[in-house]
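Here are the chains, one letter per residue:
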Amino acid sequence: MSETYNICLDVGGTKVLGAIFNEKKEIIYRLKKKSKSEGDSTQNVEKVIVSVVEEMIKESGISKKDIHAISSSAPGVIDQDNGVVLFTPNLPWRNYDIRASMEKKFGIPFYIGNDVNLGVLGEYKYGVARGYRNVVGFFVGTGMGGGMILNGELFTGNQFKGAEYGHMILNPEGPLCNCGQRGCLEAFSSKQGMSAYIRQQVSRGRESMMADAVSDGVFRSKALKKAIAAKDPVATEAVDRACHYLAIATGNMINTISPDLVVYGGGIIEAMGDLFLSKILAEVDRYCMTAIRPTVDIKNAALGDDSVIYGALALIEEG
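Residue indices follow the written sequence of each chain, beginning from 1 at its first position. Where totals are concerned, whole chains, interfaces and linings use all residues; where local detail is concerned, this predicted model gives features only for residues with pLDDT of at least 70, and gives and counts side-chain atom pairs only at 80 or more. The basis for every side-chain value is the complete set of heavy atoms in the structure, and neither hydrogens nor water enter the calculation.

Remarks on unusual backbone geometry
Link 1 in the chain: Positive phi outside glycine occurs at K25, with the angle close to 65°.
Link 2 in the chain: We count a stretch as a helix when DSSP gives it H or I for four or more residues in a row; a strand needs E for two or more, and each element gets its number in order from the N terminus. For K25, the position within the fold is in the loop between β2 (15–21) and β3 (27–34).
Link 3 in the chain: At N95, a residue that is not glycine, the phi angle is positive and equals roughly 50°.

If you want it as structure tokens, here you go:
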């Protein structure tokens, strides 16, 4: 009997990361392509996803008949049971039945879930959260995503809209968030939030190595890493501010859930190493009940960029 394989995808607003897993759960092939759509078209984004799958099959040399399933993430609200993207902020999908479309195209079972939910699930099944039963995850990237494992199961809430604690309001008079509210965690601690703070300081006449990096949007992680290494004061303030509000949000979640583990993941966490973790740990205790804090571990994700695709693999195994 020939070996079977699973194809797992991490679909974002600007890229599609694909990986092929063998039966030993090893990645034997990976591919990354830009996914920025032209003309705001659902079909254009899907074409990139299809091209990634087709190219991986061709270049890896595996047979289509040996593919057990395809699984994908996407940002936003996902009806995980039915494979429908209800809403996603960075892609042109609204109530889009991507499962039906992909299964018609490839004739292979297709699964899809929210990206941060899958990131936390990946860490729970294969990464730093193995062996824990209750896990709270903060994934820090362009935005701020949340994911939660409760009693050993992924928690998605009513109509798959749960765990959006990136939009926990920490200061109702704080900066405007893309969600329309003010003072959300995302508005302080995401790349968008930090970029907005740096632009504000530069507009007030302060000098920063990050001025060009944030002039047209959010910075790239390597630019922030370079500025922090050079002790750029504005960049340092932005990071300190981000970690301060992450510490407050972490304390709130610890007091609310009493998890076994809080895990930080996402591109900015991976790029900055233990910097964010050390700053959060330095002040999180003041926002936790003293009876709860000693029973909670706080760690960085172990799988890096692969957290989400490992979560997509877990979705296949659970399906």
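Observations concerning the packing of helix α5 (residues 191–203) against helix α7 (residues 233–257)
Link 1 in the chain: Comment: axis = line fitted to C-alpha atoms, over the contacting stretch for helices; angle = value between 0 and 180 degrees taken between N-to-C directions. Close contact between α5 and α7 brings their axes to 9 Å; oriented N to C, the two are set at 140°. The pairing of α5 with α7 is recorded here as oblique in orientation. Relative to α7, α5 is oriented so that their crossing is right-handed. Where α5 abuts α7, its residues G193, M194, Y197, I198 and Q201 lie against V234, E237, A238, V239, R241 and A242.
Link 2 in the chain: Three classes are used: nonpolar for Ala, Val, Leu, Ile, Met, Phe, Trp, Tyr, Cys and Pro, charged for Asp, Glu, Lys and Arg, and polar for all others, with Gly counted as polar. Taken together, the residues that form the contact of α5 with α7 break down as seven nonpolar, two polar and two charged. Any angle from 65 to 115 degrees is called roughly perpendicular, while one under 35 is roughly parallel, one over 145 is roughly antiparallel, and all others are oblique. Throughout, a crossing is termed right-handed when the near helix is turned clockwise from the far one, and left-handed when it is turned anticlockwise from it by less than a right angle. By the convention used here, residues are in contact when the closest approach between their heavy atoms is within 4.5 Å.

Quick notes on the nonpolar core
Link 1 in the chain: Put simply, a nonpolar core is a bunch of buried Ala, Val, Leu, Ile, Met, Phe, Trp, Tyr and Cys residues held in one set by side-chain atoms that sit within 4.5 Å of each other. For every residue, the accessible area obtained with a 1.4 Å probe (protein chains only) is divided by the maximum for its type, and the residue is called buried under 20%, exposed over 50%, and partly exposed between those limits. Core analysis: the biggest nonpolar cluster contains 44 residues, and F138, I268 and F276 have the highest contact counts within it.
Link 2 in the chain: For this core, the element with the most residues is α7, which contributes 13 residues.

Observations regarding the packing of aromatic side chains
Link 1 in the chain: Side-chain rings of Phe, Tyr and Trp (the six-membered ring for Trp) are treated as a pair once their centres are within 6.5 Å; stacked means planes under 30 degrees apart, edge-to-face means over 60, and tilted covers the remaining angles. Following the criterion strictly, the structure yields six aromatic pairs and no others.
Link 2 in the chain: A centroid spacing of 5.3 Å and a plane angle of 55° characterise the contact between Y126 and Y310, whose relative ring orientation is tilted. Here the residue Y126 occupies a position in helix α3 (residues 115–126), and Y310 occupies one in helix α10 (residues 307–318), the gap between them amounting to 184 residues. As far as burial versus exposure is concerned, Y126 and Y310 are alike and both buried.
Link 3 in the chain: Residues F138 and Y165 carry aromatic rings whose centres are separated by 5.1 Å and whose planes lie at 70° to one another, so their mutual orientation is edge-to-face. Highlighted residues: F138 in strand β9 (residues 135–140) and Y165 in the loop between β11 (153–155) and α4 (185–189), separated in sequence by 27 residues.
Link 4 in the chain: You can call F138 buried: its relative accessible area is 0%.

A look at the sheet that holds strand β8 (residues 110–114)
Link 1 in the chain: The strand order across the open sheet formed by five strands is β3-β2-β1-β4-β8, and the pairing between neighbours is mixed. Bordering the open sheet on either side are β3 and β8, each of which pairs with just one other strand. Strand-to-strand twist of the sheet, defined as the mean angle between neighbouring strand axes without regard to direction, takes the value 15°.
Link 2 in the chain: Two strands are counted as paired when DSSP detects at least two bridges linking them. Pairing of strand β4 (residues 67–74) with β8 involves five bridges; the strand directions are parallel. Note that in β8 the partner of I70 across the bridge is F110.
Link 3 in the chain: Against the sheet, α3 makes contact with β4 and β8, and its axis sits at roughly 100° relative to β8, the strand it touches most.
Link 4 in the chain: Along the sheet face, α10 touches β1 (5–11), β2, β3, β4 and β8 and points at about 130° away from the line of β1.

Quick notes on the pattern of salt bridges
Link 1 in the chain: When a carboxyl oxygen of Asp or Glu is within 4 Å of a side-chain nitrogen of Lys or Arg, the pair counts as a salt bridge. As enumerated under the stated definition, the model contains ten salt bridges in all.
Link 2 in the chain: Here K279 makes a salt bridge to D240, at a shortest N to O gap of 2.7 Å. With K279 in helix α9 (residues 275–283) and D240 in helix α7, this pair connects stretches of sequence that are 39 residues apart.

Considerations on the side chain of R99
Link 1 in the chain: Locating R99 in the fold gives a position in helix α2 (residues 98–106).
Link 2 in the chain: When charges are counted, Lys and Arg are positive and Asp and Glu negative, with His and the chain ends excluded. No salt bridge forms around the buried R99; measuring N to O, its nearest opposite-charge neighbour E103 is 4.4 Å away.
Link 3 in the chain: Reaching out from R99, the side chain makes a polar contact with the backbone oxygen of D81 at a distance of 2.9 Å.
Link 4 in the chain: With sequence-adjacent residues up to four places away left out, R99 is seen in contact with Q80, D81, N82, G83, F110 and Y111. Counting of polar contacts relies on pairs of N or O atoms within 3.5 Å, with two restrictions inside protein: one atom must be capable of donating a hydrogen and the other of accepting it, and residues adjacent in sequence are counted only when both atoms are side-chain atoms.

Describing α7
Link 1 in the chain: Taking 1.5 Å of rise per residue, 25 residues should cover 36 Å, and α7 covers 36 Å from first to last C-alpha, within 8% of that figure.
Link 2 in the chain: Capping the start of α7, D232 holds a side-chain oxygen 3.2 Å from the backbone nitrogen of V234, two or three residues further along.
Link 3 in the chain: Looking at the residues trailing α7, positive phi occurs at S258, about 50°. Here the expected span of a helix is defined as 1.5 Å times the quantity of residues minus one.

Describing the pairing of β3
Link 1 in the chain: Looking at chain direction, β2 and β3 are connected through seven bridges and run antiparallel. Within the sheet, the bridge partner assigned to A19 lies in β3 and is R30.
Link 2 in the chain: What sits between β2 and β3 in their antiparallel hairpin is a turn of five residues, with K25 showing a positive phi close to 65°.

Brief notes about the environment of E318
Link 1 in the chain: Position of E318 relative to the elements: it lies in helix α10.
Link 2 in the chain: Take E318: its relative accessible area is 47%, and that puts it in the partly exposed class.
Link 3 in the chain: Sequence-distant contacts of E318, defined by excluding residues within four places in its chain, comprise L121 and K125.

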